[in-house]
Amino acid sequence: MDPKQSVENHRALTPYKQAIARYVRASMALKNVRYNDLAGALAERGITVTPENLRSKVSKCMFSADLLVAIIDVLGVEDTAMPEILKQARETGK
């Protein structure tokens, strides 16, 4: 991929990244889940990640799709996650 395509992809994906980060943080706040709690619940599923690492991953929205799905599962927001993320991304990307 040439550098121009990479920059264009980054720009085009930014609304999605921002929407994911906002959604995860908002879901955690609504469920009163802190990063320590989230790390503990993930550990119960065999996923080891520190609270600090989670905070960094969420703030930068730099995590894998499988970790996102695990976070959605832990938070119990599977019914609303994708529609809300897409709605926010579409509104931001306009």
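Residues numbered from 1 in each chain as written. Predicted model: local features only at pLDDT ≥ 70, side-chain atom pairs only at ≥ 80, totals over all residues. Heavy atoms only, no water.

### Quick look at the nonpolar core
Core analysis: the largest hydrophobic core is formed by 25 residues, its most contacted members being I20, V24, L38, L42, L54, F63 and I71. Looking at this core, the elements with two or more residues in it are α1 (3-30), α2 (35-44), α3 (51-60), α4 (65-75) and α5 (81-92). With near-sequence residues (within four places) excluded, L42 lies in contact with I47, V49, L54, L67, A70, I71 and V74. (Core = buried A, V, L, I, M, F, W, Y, C linked by side-chain atoms within 4.5 Å. Buried < 20%, exposed > 50% of the residue type's maximum accessible area, 1.4 Å probe, protein only. Helix = DSSP H or I, 4+ residues; strand = E, 2+ residues; numbered from the N terminus. Contact = heavy atoms within 4.5 Å.)

### Some remarks on α4
Buried within α4 are the following residues: L67, L68, A70, I71, I72 and L75. Next to the buried residues of α4 lie α1, α2, α3 and α5. Where α4 ends, the next residue or the one after it, G76, has phi of about 70°, a positive value.

### Here we look at α3
Turning to α3, its buried residues are P51, L54 and V58. Axial view of α3: buried residues confined to an arc of 55°, hence all on one face. Exposed residues on α3 whose side chains face more than 90 degrees from its buried face are E52 and K60. Its buried side turned inward, α3 meets α1, α2 and α4. In the stretch just after α3, C61 is the one whose phi turns positive, near 50°. (Arc of directions from axis to C-beta.)

### Section: the confidence of the model for the protein chain
Per-residue pLDDT for the protein chain averages 94, and the proportion of residues at 70 or more is 99%. Looking at the elements of the protein chain, mean pLDDT is at its lowest for α1, recorded as 94, and at its highest for α2, recorded as 98. (pLDDT = per-residue confidence, 0-100.)

### Examining the layout of surface pockets
Of the voids in this model, the largest pocket is the one considered here, and its volume is about 200 Å³. Residue lining of the largest pocket: 13 residues in total, with I20, C61, F63, A65 and L68 positioned closest to the centre. Only α1 and α4 provide two or more residues apiece to the lining of the largest pocket. Class assignment for the residues of the lining of the largest pocket results in eleven nonpolar, one polar and one charged. (1 Å grid on protein atoms, 1.4 Å probe; cavity = no way out; pocket = protein on both sides within 12 Å on 5 of 7 lines; lining within 4 Å. Points joined across faces, edges and corners; volume = space filled by probe spheres on them. Nonpolar A, V, L, I, M, F, W, Y, C, P; charged D, E, K, R; others polar.)

### Quick notes on the pattern of salt bridges
All told, the structure shown has two salt bridges when counted by the stated rule. Note that E8 is salt-bridged to K4, the shortest N-O span being 3.8 Å. Taken as a pair, E8 and K4 lie in helix α1 at a separation of four residues, close to a single helical turn. Of the residues examined, K4 reaches a relative accessible area of 58% and is grouped as exposed. R45 is paired through a salt bridge with D73; the nearest N and O atoms lie 3.3 Å apart. (Salt bridge = Lys/Arg side-chain N within 4 Å of Asp/Glu carboxyl O.)

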